[in-house]
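Coordinate analysis (summary)
Chain residues, written in single-letter form:
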Amino acid sequence: MNGNRKLKVVMAAILGAGATAAPVAFAQELPDFEQWQCRFCPFPDKGLQGSAGASVLSVSDDSARFGNYTGLDEDGAYLNADAELMYRAEGGYAVSVDVRNLGLDSRALDISAGRQGHWVVDLAWSEIPRRLDDTGRTVYNGLGSSSLTLPADWVRGDFTSSLPGLQQNLRNFTLGWDRETLALGVEYVQSARVRYELDWTYQTKQGRGLTWGNFLGGAQDLVKPLDYETNQVDAALIYTGDNWNIRAGYFGSIFSNKDLLLTWENPFTGPDRGRSAMAPDNTYHQAQVSGAYQFAAWDTVLNASYAMGRMEQGDVLLQYTLNPAVPFNALPTERFNGKVDTTHANLRLTSRPTDRMRLVGEFRYSERDNKSGQYEWTPVQSDAMPGVPFVNPVYSFEDTDFRLLAEYRLSRTLQGTVGWQRKERERDYQEVDRNEEDSYFARLRFRPVSELTLSGKVETSSRDASSYQAIPSIGAGAEQNPLLRKYYLADRDRNLGQVQADFNPGARGGVSLRYERARDRYDESLVGLVSADVDQFSAEGNLQLWKALVATAYFSRDNYESRTVGAASFATPNTALPNWDGRTDDRHDVVGLALNWPGLADGKLDLRADWMRADTTGDIRIQNPLGSAATPFPSLRSRLTGAEITADYHLNPRWTLNAGWRWEKYEADDWALDGVGPATIANVLTFGSQTQDYDVNLFMVGFRYNFIKEKAE
Amino acid sequence: MLLRVSVVSIALALLGMAGLAQAQEEYSRRGADGCIGCHGDWDPPLMGIFQTPHGNPHDARSPFGEKQLQCEACHGPGATHGGRVPRGQARPPIINFGSKAWTPIPQQNAMCLNCHEGHVGEQWAGSAHDLASVACGDCHKLHPPQDPLLSKRTQAEACYACHANIKSDFLKPHAHPVRQGALVCTDCHNPHGSRADGLLVRSNLNETCYSCHTEKRGPLVWEHAPVVEDCTNCHDPHGAMHPGMLTRRAPLLCQSCHTPSGHPAVPYDGSNLAGGSASSFVIAGNCLSCHTQVHGSNHPSGKALMR
């Protein structure tokens, strides 16, 4: 042994001293390592280990929604492969390869090489296919570019019903994009105390996104080009001392967009073309330091962090309009001097004065200090009409949070916690300068036997807003109703309750139940969101039915209800009293059953079956103050049903045959889409996209090869 | 070294708390060989640990590194546990892991932190999982060849063991693609503690969102105030039943904050759908049909987020 090293005292030793809370140093006779041969330890030999497999998938139907994120959007056959392999060499060197969905657009590849405890290099590639819509139709040419043009013979009209060339020029297209990420990570362990980490990612997002364009009185669905590129770097130096550690790091993000504008032709009478700005390039650099210090007394730990960063954006600006018929001013600046400094810090002290009690105190600070330039702009409305001068607000805010918490173990079975938290936010250029929110909570955890845990939590909080003030607007027509209180700024009372029961009597099964109820009330808001309620219940249980056959069943219900009060008026400014309200009632139910039966047929066959259904229902009711209902909205509905059966047959320890069937069906009713064709709305030329119902069967056959040693076979 | 010496102190501390204190609990005579003699063929199998970093003999920091304490590095000195037990007496326990274990959770976690302080300790103490009495062993499984939590294929299921309600969220019609395996929980959350609410990986919520949605970082000429304050003012990031993972359906969501005279303040109902007046304020893109740049605009004429 390294006998010259000194034994240390760690904080856990103090725990052993209990309420005395005095540091006690223990010395321990280390073993005679000559006798610790580890002769029976099955250390893996050098060589290849793991498994790799290939399969053929057959998809029954085209569906963008089924293929969303999976890459299985087209019917037909797919050849797929995956692997989890590790090659171990002499001296602890190793290379591992993790491959998922190699044949699909959702593929991911991760290669890691190195010598554990010394250095490791990771190289990763991943793709995420976003398949947004395949039901839309458009008349525009140039999809995916920054210039959308109408057919050469397009005849414009005032409404969608008066566009003579509309129907013959509509054609199908798809919306979606691919997000591809190349990542390189390096970890270097200099010593037992010093470690370096470096992670770089290069990500692209390319494809077609959904946006819209408008002129005064009319609008159109548009395709926006997506050609994003982001480089991000995380670098850190980590030092671990005897009773402290520190991480000093840097995070950098550089975003670049190759299409900074979108120009489109107006299908309606009015200005010929419109132009929107797309997301500008931006950068963010942040220096970070964080760490922890363990005091000898009372198992006390001090955690602290500080991060300081700057976001910048300074792309060349577009002109107010590209329409030469509209007079416009010169820009006050060629580039926007966008600059935001961020600061985040926390200081947390955790201590155990006795073995029964723990105290936590925390202070947090966060600031978004917007130092961007402020200019007097003279916007042109919708490339059509000169506007009035306005100075851009630069939103800043500053958060200061405090938290105190006391946890006390009343007995071996009962533990209680009480706490207080205060959140303060100061901001500018908005209706409320300052919010103060105090929260109090209590939590109880009761574990009468090791198989059963009961826990509950109640929390109440009250958020107060400083005086609500009007902010500058462009003319009386844009002024808010003075009775409005925006919900994210307004006074709010929040009450929350949560109970949970976990019962795990043994290896044969267990059950877990959870219920949460939250109530938000905005009693000072006469107009705006006045209430939001959440009820959530979930239950999950598993049971060993027979031998290795295990069944898992789950159910959850999620209810969200809200009420918004409105004040409608066509007078300017709008000073109407509340005269309508809108209530939402959203429900989400999930029920599922899974059967897992490994080891059939003398251990050669593993079977698994899953069934799941997820339903959503959303109702919106609009009422006037007297309670008379307006024409009701139909319910928003969706139903996702899925079933899956997989079988793995082990021919021998090396070879396994796989087969599977998966079925998924999605049905939805959405009044925002149902029956809405390109010309349904008189003044909006839409894509006419519909809900993407699907009914897809997926069949899979394949094999898997295990790389194992001869003797294991 | 950290590993060895801390084990001693912790083990003694544990024993002291449990009323089992002995003057000097001793290490076993044969180390892992003695443990494997009894536990080698246990179910669930324990020998998988030799496929994992903890069982790597080439890493001096590993419990099975040269002259490290092997099984007893984590489970504490085991001479008594592994020694002869008089007939009729129970075998003395050894440090065990997970919520069901007899070892108090703070002591279990302190044992892990002895070595992993520099990996996870910066914000662990007093973090949400620490305060919820989550044991390291509740989430991490160290004996199987692959810890489910560290594999992108299995991580989410491991988290759902406690967060079943979040599993349901990902089944909502509009959700981040965790169900499809394109994202994992730790892409956004740091379960070992964070300076941010919700155990988020970056400094606050928006900065976490900007990790992937970098185009929304700005700053822009015309910002939408609630957007720069908190993305969750409008979005439910785990999943929602409304497009764009919005918490409520537009136009009602937008009307919670926008009440100027005319169209923003007017109530809309079922008569405004496709079979009725087919209002642009309600169906298809609704408010977004005109206010296209709802996350902010960098156009000099984008004051109303229309360019």
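Given the structure is predicted, the values throughout are model-derived calculations rather than measurements.

Conventions we followed
- Residues numbered from 1 in each chain as written.
- Chains lettered and ligands numbered in written order.
- Predicted model: local features only at pLDDT ≥ 70, side-chain atom pairs only at ≥ 80, totals over all residues.
- Helix = DSSP H or I, 4+ residues; strand = E, 2+ residues; numbered from the N terminus.
- Buried ≥ 20, exposed ≤ 12 C-beta atoms within 10 Å, placed from the backbone.
- Contact = placed C-beta atoms within 7 Å.
- Rg over C-alpha atoms; globule rule 2.2 N^0.38 Å.
- Pairing = 2+ DSSP bridges.
- Core = buried A, V, L, I, M, F, W, Y, C linked by C-beta atoms within 7 Å.
- Expected span 1.5 Å × (residues − 1).
- Bend = angle between axes of the 7 residues up to and from the residue.
- Nonpolar A, V, L, I, M, F, W, Y, C, P; charged D, E, K, R; others polar.
- pLDDT = per-residue confidence, 0-100.

**Considering the overall build of chain A**
The number of helices and strands found in chain A is four helices and 36 strands. For chain A, the C-alpha atoms occupy an extent of roughly 95 × 60 × 55 Å along the three principal directions. Counting over 713 residues, chain A shows a buried share of 31%. When contacts within chain A are restricted to residue pairs at least 6 apart in sequence, long-range pairs at least 24 apart make up 63% of them.

**A word on the overall build of chain B**
Looking only at helices and strands, chain B features twelve helices and two strands. Listing each helix as α and each strand as β along chain B from the N terminus yields α-α-α-α-α-α-α-α-α-β-α-α-β-α. Expected size for 307 residues packed as a compact globule is a radius of gyration near 19 Å; at 27 Å, chain B overshoots this value by more than 25%. In terms of overall dimensions, chain B has a C-alpha envelope of 90 × 40 × 35 Å along the principal axes. Relative to its full complement of 307 residues, chain B shows a buried share of 56%. Within chain B, contacts between residues at least 6 apart in sequence are counted, and of these 52% link residues at least 24 apart.

**Here we look at unusual backbone geometry**
In this chain, B:Gly218 is followed by B:Pro219 through a cis amide linkage whose omega measures 5 degrees. One can find B:Pro219 in the loop between helix 10 (205–210) and helix 11 (225–229). With omega at 10 degrees, the peptide bond leading from B:Ala250 into B:Pro251 counts as cis. The phi dihedral of A:Trp298 falls on the positive side, at around 60 degrees, and the residue is not glycine.

**A few points about the pairing of strand 31 (residues 580–599) of chain A**
All names here are of chain A. Bridge count for strand 30 (residues 549–566) against strand 31 is 17 bridges, and the pairing is antiparallel. When the bridges of strand 31 are listed, Ala 551 appears paired with Leu 595. Of the pairings in the sheet, the one linking strand 31 to strand 32 (residues 605–623) comprises 17 bridges and is antiparallel in character. Within strand 32, the position partnered with Gly 592 by the bridge is Met 612.

**Section: the environment of B:Pro92**
Residue and element names in this part refer to chain B. By secondary structure assignment, the location of Pro 92 is in the loop between helix 4 (79–82) and helix 5 (105–120). Residue classification places Pro 92 among the partly exposed residues on the basis of 16 C-beta atoms within 10 Å. With 21 residues separating them in the primary sequence, Pro 92 and Leu 113 have C-alpha atoms 25 Å apart. Discounting residues that sit within four places of it in the chain, Pro 92 has contacts with Thr 80 and His 81.

**Section: the pairing of strand 15 (residues 282–294) of chain A**
Residues and elements named next belong to chain A. Pairing between strand 12 (residues 244–257) and strand 15: twelve bridges, direction antiparallel. Considered in strand 15, the bridge of Phe 251 is made with Gln 286. Bridge analysis of strand 15 against strand 16 (residues 301–313) gives twelve bridges, and the strand direction is antiparallel. Each bridged residue has a counterpart across the sheet, and for Val 289 the counterpart in strand 16 is Tyr 306. Counting the residues in the hairpin turn of strand 15 and strand 16 gives six residues, including Trp 298, whose phi is positive at 60 degrees.

**Notes on the sheet that holds strand 14 (residues 273–277) of chain A**
Residue and element names in this part refer to chain A. Spatially, 7-13-14 is the arrangement adopted by the three strands of the open sheet, whose pairing is mixed. A strand with exactly one partner marks an edge of an open sheet, and here the two such strands are strand 7 (147–148) and strand 14. Here strand 7 pairs with strand 13 (residues 261–265) via two bridges, running parallel. By the bridge assignment for strand 13, Ser 147 is matched with Thr 263.

**Observations concerning the nonpolar core**
The tendency in soluble globular proteins is for nonpolar side chains to be buried as a group. Counting 74 residues, the largest nonpolar core has A:Tyr140, A:Leu222, A:Tyr487, A:Trp671, B:Ile283 and B:Ala284 as its most contacted members. Elements with a minimum of two residues in this core: strand 10 (194–215), strand 11 (218–240), strand 13, strand 29 (528–546), strand 32 and strand 35 (684–685) of chain A together with helix 12 (252–255) of chain B. Not counting chain neighbours up to four residues away, the residues in contact with A:Tyr140 comprise A:Leu148, A:Thr149, A:Leu150, A:Val223 and A:Trp264. B:Leu69, B:Met111, B:Cys112 and B:Ala135 belong to the second-largest nonpolar core, a separate cluster that totals 19 residues.

**What to know about helix 5 of chain B**
Residue and element names in this part refer to chain B. Taking 1.5 Å per residue, 16 residues should reach 22 Å; helix 5 reaches only 17 Å between its end C-alpha atoms and comes up short. Helix geometry: helix 5 is bent most strongly at Asn 114, by close to 70 degrees. Taking burial as the measure, the 16 residues of helix 5 include twelve buried ones, the bulk of the element. Among the residues of helix 5, Pro 106, Gln 107, Gln 108, Asn 109, Ala 110, Met 111, Cys 112, Leu 113, Asn 114, Cys 115, Glu 117 and Gly 118 are the ones counted as buried.

**Brief notes about the interface of chain B and chain A**
Between chain B and chain A, the contact holds 118 residues from the first and 169 residues from the second. For the side of chain B that touches chain A, the secondary-structure elements that each account for two or more residues are helix 1 (2–17), helix 2 (32–39), helix 5, helix 9 (164–169), helix 11 and helix 12 of chain B. At twelve residues, the largest contribution of residues to the side of chain B that touches chain A is made by helix 1 of chain B. For the side of chain B that touches chain A, the per-class residue count stands at 50 nonpolar, 45 polar and 23 charged.

**Section: the environment of A:Ser455**
Residues and elements named next belong to chain A. Take Ser 455: it is sitting in strand 26 (residues 452–465). Taking the C-beta count within 10 Å as the criterion, Ser 455 has 18 such neighbours and is therefore assigned partly exposed. Along the primary structure Ser 455 and Ala 277 are separated by 178 residues, whereas in three dimensions their C-alpha atoms are 52 Å apart. Apart from the residues within four sequence positions on either side, Ser 455 is in contact with Arg 443, Leu 444, Arg 445 and Gln 500.

**Considerations on the environment of A:Thr631**
Here A:Thr631 is to be found in the loop between strand 32 and strand 33 (636–650). C-alpha of A:Thr631 to C-alpha of A:Arg621: the two residues are ten residues apart in sequence and 8.5 Å apart in space. Beyond its immediate sequence surroundings of up to four residues, A:Thr631 is in contact with B:Asp269, B:Gly270 and B:Ser271.

**Digging into the confidence of the model for chain B**
Interpretation of the predicted coordinates at a detailed level should be avoided for regions scoring low in pLDDT. All names here are of chain B. With 92% of its residues at a pLDDT of 70 or more, chain B shows a mean pLDDT of 90. The least confident element of chain B, judged by mean pLDDT, is helix 1 at 45; the most confident is helix 10 at 98. Taken as a whole, residues 1–23 scores under 50 in pLDDT and shows 72 contacts with residues more than four places along the chain or in a different chain. Taken over the whole predicted complex, pTM reads 0.93, whereas the ipTM for its chain interfaces reads 0.93.

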